[in-house]
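Listed below, chain by chain, are the residues.
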Amino acid sequence: MHQVAECPICNGNQFKKKYICTDFTCSHEAFQIVECENCKLLLTSPRPEESQLGRYYQSDKYISHSDTSKGLTNKLYKQVRTFTIGQKLRFIKSLSPEGKLLDIGSGAGYFLEACQKSGFNCTGIEPDTTTRERSILQFNISCYPEAELDKLEENSFDIITLWHVLEHVPNLIHRIHRIHQLLKPDAYALIAVPNHHSLDAQFYKAYWAGYDVPRHLWHFSPKNIQQLALLHGFEVTKIKPMVFDAFYVSMLSENYLQHRFSFLRGAWIGLVSNLNSLFSKSPKSSSQIYVLKKRLHLNG
């Protein structure tokens, strides 16, 4: 197991225990989440070594890889996916109507296929071999292993998207720096991550499905994303809520707790969380899209 010694945002080395969470998706092992005492970033530590992380994705419950329809929650997820892909695409076109798009962590390939059909010149990066090969066969998309990310041409992309991917990346700083290199000047990265400041996260605590240990290595607040962006040559120009995520995550959390009427309880908590975010002065959605605009020069 790997013990994180230094915070990637503030370089702090003082951490306090926050939660002990269970991996309900795959191993049923317990993992610790700690908080940086300086910048308040939450992180999974100790965590599996990078070479061992792959086995924690080998489950038919992990929908972004398996594309499973097992269970009511996953069936609803797949029904909503088509609608949310349309929303994402319209939002992207408001930033860049055309051009080169890179989707890092392209998963089953549905989003990348939609972008390709809408006229973007698309490239995908997907670490999981089986998922990547299946998406290429199903959608005829250009999708490559993660190692190819460092071989792509710098200053060549108009849009880079990471849909619930950044929280999985072991080398967080290298990934943010690489995204900056690959984007054209004034181009955009769209980064979607869970928000542990949301009401549903505060309600479920260690049972919040948004923690998803040990696959989620980093657990961000809006302030953390702002800090990370400024440190690496970006400006956060917009924060957009992902409304359906509150329902999905709350339903999963209810399944973990094995409550009676878990579907109804999860739907109710998801609704209350969304309403709380709507009337809050700060971004408090269960998951949020951060629009990062590349500045021409890095700080320092």
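You'll find the structure just up there.
Remember, predicted model here, so these are calculated numbers, not experimental data.

Enquirer: What exactly am I supposed to notice about the packing of aromatic side chains here?
Expert: The relation between two aromatic rings is expressed through the spacing of the ring centres and the mutual angle of the planes. All told, the structure shown has 9 aromatic pairs when counted by the stated rule. Centroid distance Tyr110 to Phe139: 5.0 Å. Interplanar angle 65°. Geometry classified as edge-to-face. With Tyr110 in helix α3 (residues 110–117) and Phe139 in helix α4 (residues 129–139), this pair connects stretches of sequence that are 29 residues apart. Between Phe203 and Tyr204 the ring centres are 4.9 Å apart and the planes differ by 85°, which places this aromatic pair in the edge-to-face class. Residue Tyr204 is classed as buried on the basis of its relative accessible area of 4%. These aromatic residues form a ring-pair network of at least three members: Tyr19, Trp208 and Tyr211. Positioned above the aromatic ring of Trp163, the side-chain terminus of Lys88 is 4.3 Å from the ring centre. In this structure, Lys100 packs its charged tip against the face of Phe157, placed 4.8 Å from the ring centre.

Enquirer: It is not clear to me how the environment of Val249 should be interpreted in this structure. Could you clarify?
Expert: Along the chain, Val249 turns up in helix α8 (residues 243–257). Overall, the relative accessible area of 11% leaves Val249 in the buried class. Separated by 64 residues in sequence, Val249 and Pro185 have C-alpha atoms that sit 35 Å apart. Every residue in contact with Val249, bar those within four places of it in the chain, is listed here: Asp200, Trp208, Ala209, Gly210 and Ser286.

Enquirer: So what exactly am I meant to see when it comes to unusual backbone geometry here?
Expert: Trans peptide bonds make up most of the peptide bonds, and negative phi angles are found at most residues other than glycine. Omega for the bond connecting Ser45 with Pro46 falls within 30 degrees of zero, at 0°, which places this linkage in the cis form. Relative to the assigned elements, Pro46 resides in the loop between β3 (42–44) and α1 (63–66). With an omega of -5°, the peptide bond running from Val213 to Pro214 counts as cis. The topology assignment puts Pro214 in the loop between α6 (199–204) and β9 (218–219). At Asn11, a residue that is not glycine, the phi angle is positive and equals roughly 65°.

About the cut-offs
Residues numbered from 1 in each chain as written. Predicted model: local features only at pLDDT ≥ 70, side-chain atom pairs only at ≥ 80, totals over all residues. Heavy atoms only, no water. Phe/Tyr/Trp six-rings, centres within 6.5 Å; stacked < 30°, edge-to-face > 60°. Helix = DSSP H or I, 4+ residues; strand = E, 2+ residues; numbered from the N terminus. Buried < 20%, exposed > 50% of the residue type's maximum accessible area, 1.4 Å probe, protein only. Lys NZ or Arg CZ within 6 Å of the ring centre and 35° of its normal. Contact = heavy atoms within 4.5 Å.

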